[in-house]
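The primary structure of each chain is shown beneath.
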Amino acid sequence: MKEQVKSKQRVADHGEVFTSEREVNAMLDLVKQETERIDSRFLEPACGTGNFLTEILRRKLQVMEKKYRRSQLDFERNLVSAISSIYGIDILEDNVIACCQRLFEIADERYTAIFKKKAKDDVRTVLRFILSKNIIWGDALDLKTVGAEPHQIIFSEWSFPLHNSLIKRRDFVFAELLPDESKKTRQPDLFSKPELVSDLGEKVFLPTETHSYPLVHFLKIGEELVE
Ligand SMILES: C[S@@+](CC[C@H](N)C(=O)[O-])C[C@H]1O[C@@H](n2cnc3c(N)ncnc32)[C@H](O)[C@@H]1O
């Protein structure tokens, strides 16, 4: 997105000034290695139309293209992994829609350019489904969704625990992932777990999942639309 301001009103109401490409790249270069790791997780809590998230996806795609362009299945699994590790929140619905669309188009453009007619609609459905879960119309300050029935923001963790085509989804309440907030929302005994300590003697923070889904083939994820 080239223009940095959509309207004076939006700047006044929501501080909406988009970051320029040059600044985005300079900031991402500070964590360059992470931006080039296909499954590294990024959350942008005020993502706008996705100036940071789209650049992260582009960087991941470059790595994937080099490594997996000769194996469609490996490329598809890694494409799902890359998209599923990108998270965003924005308080304005049109930004959320634009962000999902931009991320989808960037992924689809590369996928289609590499595999042409062999590119599958099933993969596109999965990408759209994951984006609909990961890019949230919400308020990152009160940690709730925006819209008709606001509720706690839930994020899904997606992983390939067996390193094959099976994907695992686990849902977490966002507030529980933030140690300070979790103190406010966690019910003391009901969810408390024995305290774990790492080899270095640091407390290990283990959030409680709200839902754990069965392992499924990654192309079947979209079928969870009915939950
Ligand atoms: C300064 S812009 C930055 C957008 C994007 N991160 C970028 O760099 O291009 C701030 C964004 O935060 C969003 N925003 C403002 N208050 C918010 C809140 N409480 N929760 C989530 N998003 C919010 C605005 O809609 C706007 O898109």
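The structure displayed is predicted, hence computed values, not measured ones. (Residues numbered from 1 in each chain as written. Predicted model: local features only at pLDDT ≥ 70, side-chain atom pairs only at ≥ 80, totals over all residues. Heavy atoms only, no water.)

In a beta sheet, neighbouring strands are held together by backbone hydrogen bonds and run either parallel or antiparallel to one another. Within the open sheet, the 4 strands sit side by side as 1-2-3-4. Their pairing is mixed. The open sheet has two edge strands with one neighbour each: strand 1 (42-44) and strand 4 (144-145). As paired strands, strand 2 (residues 86-90) and strand 3 (residues 135-139) are joined by 3 bridges and run parallel to one another. Opposite I89, over in strand 3, you have I136 as the bridge partner. With respect to the sheet, helix 7 (residues 121-134) is in contact with strand 2 and strand 3, its orientation differing from that of strand 3 by roughly 15 degrees. (Pairing = 2+ DSSP bridges. Helix = DSSP H or I, 4+ residues; strand = E, 2+ residues; numbered from the N terminus. Contact = heavy atoms within 4.5 Å. Axes fitted to C-alpha atoms, helices over the stretch in contact; angles between N-to-C directions.)

Another point: the pairing of strand 2. Of all 5 residues making up strand 2, 5 are buried, and the element is well covered by its neighbours. Neither face of strand 2 is open: one carries I86, G88 and D90, the other Y87 and I89, and all of them are buried. Relative to strand 2, strand 1 runs parallel, the two being bridged by 3 bridges. Its bridge partner being in strand 2, F42 is matched across the sheet by I86. (Buried < 20%, exposed > 50% of the residue type's maximum accessible area, 1.4 Å probe, protein only.)

A separate point is the nonpolar core. Counting 50 residues, the largest nonpolar core has L57, F75, L79 and I135 as its most contacted members. At 10 residues, the largest contribution of residues to this core is made by helix 6 (residues 93-115). In this view, L79 contacts L61, M64, A107, Y111, V123 and L127; residues no more than four positions away in its chain are not counted. (Core = buried A, V, L, I, M, F, W, Y, C linked by side-chain atoms within 4.5 Å.)

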